[in-house]
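What the coordinates show
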Amino acid sequence: MAPNLTRRILLGWEFGGGLGHVVSLREIAKQVGEAHPCEFLFALQTPQKGIAAGLPSHSVTAAPSFKRTSGGGKAQGRETYGEYVSENLMIEGGVFASRLAGWENIIRGFDPHLIIADYAPGLSLLARGRWPVLAVGNGYTMPPPEMAAFRPLAKLNRPLYATEPEIIDRLNKDLKKIGAQSIERLPQLNEADGYGLMTIPVFDPYRAQRQQPYLGAQVPGGMPTPRPAASGGIAYFHEDTQLDDNVLNGLVGSNIDMLAYFGKHLRRVVNKFNGSRVSLADMPFNLHEDLPGKAVAVHNGGLGVATAAILAGIPQVMLYRHEEHWFTANAVVKAGAGAAAQYKDVTSRALSEAIDRVSKSTAMRESAMRLAEEHAGFQNANPARAIAEIATRLLSR
């Protein structure tokens, strides 16, 4: 009987929002599957997003996920990645042990030859040194594991959750109980056998400490290129934004022609944009074709759209919702290539004024074109393919 050469690959996603993490894992699996006969299991924070992204339902399961039982929402923002992620891992007494046990059950049941972890520190900590792990992520979600400690990424007037030695002790107690390896430094949260860094340098808050190579970002339709002329704008938002009149009225109130995509149109949006300078796109944008030549890109700060705008030399207006998108937006603002505001705080007037100001700014246009020139080497980047090559090497060990 011929040996079974099918490779089982577990792809895990634990933290973060949006569809970006699911789409990245889907594209990586597609590339790996073209090189090897594989069976995939996607353990996702939100399984419904996997189905929405086109994954077969039989290949999707729920990742271990826990919410506070004592009231309150998710952990608040912290000055360091290590503090923020550790608080989310543990939340309250017993949660981290239960999270590890949940991942252990998934791994034992599937028996993978390789684990691909995207913003999944609980999975990475459990599997580290016991199963082959390929960590993937962007500059924010995958800090360099070689660092001695995490440095602050933001200045926040909030009490410390815990010191790094205290966090390490708490994590190690549960890691030892389940038979996993202890850590000596908190940046070992992301330590793995291989790394796939899906970003470009401008969006890496750890650029000075980084040892892993930049693979570029996954962009729908492929990477765009700059054009000298610029007019009009493009707006790319989640479906739930259709219920936010501040954003809708802000787009209508700007003085430029705008092409917008929100997913499946609601009647209220069609009616609101009727007779305005905003046109609705029926399909997701092909950013390779739809973005070049625009004067501004308006969006939530997702890395794919932000990277496409950088490579196309287009200024951006970004309405960020969480920490990951804040770092992306902040990088663009610091580079002088756009404006940003927290989504929940934006008013329609402020958004209209920001769109008009950014789209007309010669200085921002020049800064955006400079960034495009600095990152031109990523025009042909295909991070999913590069990560598939790393996965092939790990599978051949």
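Here's what I pulled together on the structure shown here. (Residues numbered from 1 in each chain as written. Predicted model: local features only at pLDDT ≥ 70, side-chain atom pairs only at ≥ 80, totals over all residues. Heavy atoms only, no water.)

**Describing the overall build of the protein**
Counted only if it meets this: The secondary structure listing takes helices from DSSP runs of H or I that are at least 4 residues long and strands from runs of E that are at least 2 residues long, numbered from the N terminus. As a reference, a globule follows 2.2 Å times the number of residues to the power 0.38, and the radius of gyration itself is taken over C-alpha atoms. Accessible area is worked out with a 1.4 Å probe on protein chains only. A residue is then buried under 20% of its type maximum, exposed over 50%, and partly exposed in between. Should any heavy atoms of two residues lie within 4.5 Å, those residues are counted as being in contact.
The secondary structure content of the protein amounts to 14 helices and 12 strands. Here the C-alpha atoms of the protein give a radius of gyration of 21 Å, agreeing with the 21 Å that 2.2 N^0.38 yields for 397 residues. In terms of overall dimensions, the protein has a C-alpha envelope of 60 × 55 × 40 Å along the principal axes. Burial analysis of the protein (397 residues in total) assigns 55% to the buried set. Of all intrachain contacts in the protein linking residues separated by at least 6 positions in sequence, the fraction that spans at least 24 positions is 68%.

**Some words on the pattern of salt bridges**
If charged atoms from side chains of opposite charge come close, those side chains can pair. Applied cut-off: By definition here, a salt bridge exists when the distance from a side-chain nitrogen of Lys or Arg to a carboxyl oxygen of Asp or Glu is within 4 Å.
A full pass over the atoms with the stated rule returns 15 salt bridges. Here Glu104 makes a salt bridge to Arg108, at a shortest N to O gap of 3.1 Å. Residue Glu104 and its partner Arg108 are both found in helix α4 (residues 95-110); the two are separated by 4 residues, about one turn of the helix. Asp204 is the partner of Arg210 in a salt bridge, and the nearest nitrogen-oxygen pair spans 2.9 Å. Here Arg210 falls in the buried class, since its relative accessible area comes to 12%.

**Considerations on helix α10 (residues 303-312)**
Residues spaced three or four apart along an α-helix face the same direction, because each turn holds 3.6 residues. Most of α10 sits out of view: 10 of its 10 residues are buried. All of the buried residues in α10 are Leu303, Gly304, Val305, Ala306, Thr307, Ala308, Ala309, Ile310, Leu311 and Ala312. Elements in contact with the buried residues of α10: β7 (233-236), α9 (287-290), β10 (296-299), β11 (316-320), α11 (323-334) and α13 (362-374). Phi turns positive, to about 70°, at Gly313, one or two residues after α10.

**Quick notes on α11**
The line we're drawing: Expected helix span is given by 1.5 Å per residue-to-residue step, counting one fewer step than there are residues.
Between its terminal C-alpha atoms α11 stretches 16 Å, which fits the 16 Å expected from 12 residues at 1.5 Å a residue. By the burial criterion, the buried members of α11 are Glu324, His325, Phe327, Thr328, Ala329, Ala331 and Val332. Buried residues along α11 sit against α1 (20-35), α10, β11 and β12 (338-342). Following α11 by one or two positions, Gly336 has its phi on the positive side, about 75°.

**Some remarks on the nonpolar core**
Put simply, the rule is: Put simply, buried Ala, Val, Leu, Ile, Met, Phe, Trp, Tyr and Cys residues joined by side-chain atoms within 4.5 Å make one nonpolar core.
With 73 residues, the main nonpolar core has Leu10, Phe42, Ile116, Leu134, Leu171 and Leu189 as its most contacted residues. Of the residues forming this core, the biggest block, 7 residues, is contributed by helix α14 (residues 383-395). The contact partners of Leu10, leaving out residues within four places of it in the chain, are Leu41, Ala43, Ile106, Ile107, Phe110, Pro112, Leu114, Ile115, Ile116 and Leu123. Leu251, Met258, Phe262 and Met364 belong to the second-largest nonpolar core, a separate cluster that totals 24 residues.

**A word on the packing of helix α3 (residues 81-90) against helix α6 (residues 164-178)**
To be explicit about the condition: Angular values range over 0 to 180 degrees, each being the angle between N-to-C directions of two axes fitted as lines to C-alpha atoms, with helices fitted over their stretch in contact. Crossing chirality is assigned from the near helix's rotation relative to the far helix, an anticlockwise turn below a right angle marking it left-handed and a clockwise turn marking it right-handed. Here the nonpolar group is Ala, Val, Leu, Ile, Met, Phe, Trp, Tyr, Cys and Pro; Asp, Glu, Lys and Arg are the charged ones; every other residue, Gly included, is treated as polar.
Close contact between α3 and α6 brings their axes to 11 Å; oriented N to C, the two are set at 35°. Considering only the axes of α3 and α6, their crossing is left-handed. Here Gly82, Glu83, Ser86, Leu89 and Met90 of α3 lie close against α6, whose contacting residues are Ile167, Arg170 and Leu171. Among the residues forming the contact of α3 with α6, the class breakdown is 4 nonpolar, 2 polar and 2 charged.

**What to know about the sheet that holds strand β2 (residues 38-44)**
We count it as follows: Here, a strand pair is defined by DSSP locating no fewer than two bridges between the strands.
Across the sheet, which stays open at both edges, the 6 strands sit in the order β3-β2-β1-β4-β5-β6 with parallel pairing between neighbours. Either end of the sheet is taken by a strand with one partner, and the two such strands are β3 (60-62) and β6 (194-197). Across the sheet, the axes of successive neighbouring strands diverge by a mean angle of 20°, strand direction being ignored. Alignment of strand β1 (residues 7-13) against strand β4 (residues 114-118), held across 5 bridges, turns out to be parallel. Its bridge partner lying in β4, Trp13 is registered against Asp118. Its contacts with the sheet place α1 against β1, β2, β4 and β5 (133-137), and it is angled at close to 170° to β2.

**Quick word on the sheet that holds strand β9 (residues 278-280)**
Pairing is parallel across the open sheet formed by 6 strands, whose spatial order is β9-β8-β7-β10-β11-β12. Each edge of the open sheet carries a strand with a single partner, namely β9 and β12. Ignoring which end each strand starts from, the neighbouring axes of this sheet average 15° apart. Taken together, the 3 bridges between strand β8 (residues 258-261) and β9 define a ladder with parallel strand orientation. By the bridge assignment, Leu259 is partnered in β9 with Ser279. Of the strands in this sheet, β7, β10 and β11 touch α10, which is tilted by about 165° from β11. Packing against the sheet, α11 makes contact with β11 and β12, and its axis sits at approximately 155° to β11.

**Some words on the environment of Ile115**
Structurally, Ile115 is set in strand β4. With 103 residues separating them in the primary sequence, Ile115 and Gln218 have C-alpha atoms 20 Å apart. Not counting residues within four places of it along the chain, the set of residues in contact with Ile115 comprises Leu10, Ile107, Leu123, Ala127, Trp131, Pro132, Val133 and Leu134.

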